Amino acid sequence: MNSFKNQKCYARSLKNCSPTISREHYISQGILERISDGNIIGVSGIPGIPAGQMKQIGVESLAAKVLCEKHNSELSSLDNTGIKFFDTLDEINREISDLGQSGVGCDKTICGLDMERWMLKVTLGSVAARIAHRGELTGTMLTMDYWVSVLFGLESMPQGCGLYLVRDPKILIKIEQSIEFAARVNDGKTTTGPIGEVFGLNIAVNGLPFFCNLADPDGNQSQLTFPNLVYRPAGIAFDNGRVPRTMQFNWNDDQPHEQLTLKYLSSNTDQVI
Ligand SMILES: [Zn+2]
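Just so it is clear, the structure is predicted and the values come from calculations on it, not from any experiment. (Residues numbered from 1 in each chain as written. Predicted model: local features only at pLDDT ≥ 70, side-chain atom pairs only at ≥ 80, totals over all residues.)

Asker: Go over the overall build of the protein, please, and point to the residues and values.
Answerer: Regarding its fold elements, the protein presents five helices and 13 strands. Split into buried and exposed, the 273 residues of the protein put 36% on the buried side. Expressed as a percentage of contacts within the protein between residues at least 6 apart in sequence, the contacts between residues at least 24 apart total 72%. (Helix = DSSP H or I, 4+ residues; strand = E, 2+ residues; numbered from the N terminus. Buried ≥ 20, exposed ≤ 12 C-beta atoms within 10 Å, placed from the backbone. Contact = placed C-beta atoms within 7 Å.)

Here it is as structure tokens:
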């Protein structure tokens, strides 16, 4: 263990940095390779792009020098969780789209805590790279150094922070592989923190909308409410009117977790089931 802090590494508070900065993809390279068609990916939330619009950019432009090689390599298992999540969604998508299948239900389990930390990695990476946001993580709620400790498993995720899934019965998974992300920045109405502070990241994978929350919903951010969000869902059932395909999240705790059912519509039909 050395005390070296690489000033370009956002995890430098942990010390033990390597002198070389990695050119990492804070959205895991393996996912970008799966999504990209000719190394092009659609993203939203980039400065200069109007809200709600997607821009096609090359995979390489999502690389950012924000972690040293040592700390980047220590997070590779989280990238594997993100990739497993993406592959599981893709597998469900293929199974449920195959009208000729017999309809045997299929359960697939993802470690929820690792999935949540993968989303935190994407969130902190985009904040550090100053790409998917126009605001700052000022640390009035919890500091960047604290979130780094959570990311590396030295602290647990505060209750109420972390992974949410948007509850919307109209939400449909898309056939097309896609990823969109956009920072949530305090506009002065959402939380009581300073205007311009980043308090989370919206991440939609294949149209499935998640939110990674960094603000404390039980603290002094009393105006922050999540009426349409489900915290740490037990799983997602994709219902196409026949046998639902289910993805489970394992949270390793005694807390109740809600199972969400989403209507599924393949993109090559116009009829809502
Ligand atoms: Zn480092």
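Asker: Which residues make up the packing of helix α3 (residues 76–97) against helix α4 (residues 112–129), and what values go with them?
Answerer: Viewed as axis vectors pointing N to C, α3 and α4 meet at an angle of 105 degrees, and their least axial separation amounts to 8 Å. Taken together, the axes of α3 and α4 lie roughly perpendicular to each other. Contacts between α3 and α4 pair L78, T81, G82 and F85 from the former with D114, M115, R117, W118 and K121 from the latter. (Axes fitted to C-alpha atoms, helices over the stretch in contact; angles between N-to-C directions. Parallel < 35°, antiparallel > 145°, perpendicular 65-115°, else oblique.)

Asker: Give me the nonpolar core: which residues, what numbers.
Answerer: One broad trend across soluble globular proteins is that nonpolar side chains are buried collectively. In this structure, Y10, M119, V122, I203, F210 and C212 are the most contacted members of the largest nonpolar core, which totals 57 residues. When residues of this core are assigned to their parent elements, the largest contribution, eight residues, is made by α4. For M119, the contacting residues outside a window of four places in its chain are L163, I203, F210 and C212. (Core = buried A, V, L, I, M, F, W, Y, C linked by C-beta atoms within 7 Å.)

Asker: Give a detailed account of unusual backbone geometry, specifying residues and quantitative values.
Answerer: Here the phi dihedral of N16 falls at roughly 60 degrees; this positive angle occurs in a residue that is not glycine. As for its position among the elements, N16 is in the segment before β1 (21–25). Its identity as a non-glycine residue notwithstanding, N252 has a phi of 55 degrees, on the positive side. Of note, N252 is situated in the loop between β12 (245–250) and β13 (259–263).

Asker: Account for the pairing of strand β7 (residues 179–185), naming residues and giving values.
Answerer: Here β7 lies mainly inside the structure; five of its seven residues are buried. The pairing of β7 with strand β8 (residues 198–205) spans seven bridges and is classified as antiparallel. Opposite A183, over in β8, you have L201 as the bridge partner. (Pairing = 2+ DSSP bridges.)

Asker: Before we move on, could you go through the environment of Q255 and cite the residues and values that matter?
Answerer: With respect to the helices and strands, the residue Q255 is situated in the loop between β12 and β13. C-alpha separation for the pair Q255 and R232, spaced 23 residues apart in sequence, amounts to 9.8 Å.

Asker: Which residues make up helix α5 (residues 144–151), and what values do they have?
Answerer: Within α5, burial applies to W147, V148, V150 and L151. Along the axis of α5, the buried residues cluster in a sector spanning 160 degrees; they form a single face. Summarising the contacts, the buried residues of α5 are in contact with α4. Once α5 finishes, G153 follows within two positions and takes phi at roughly 80 degrees, a positive value. (Arc of directions from axis to C-beta.)

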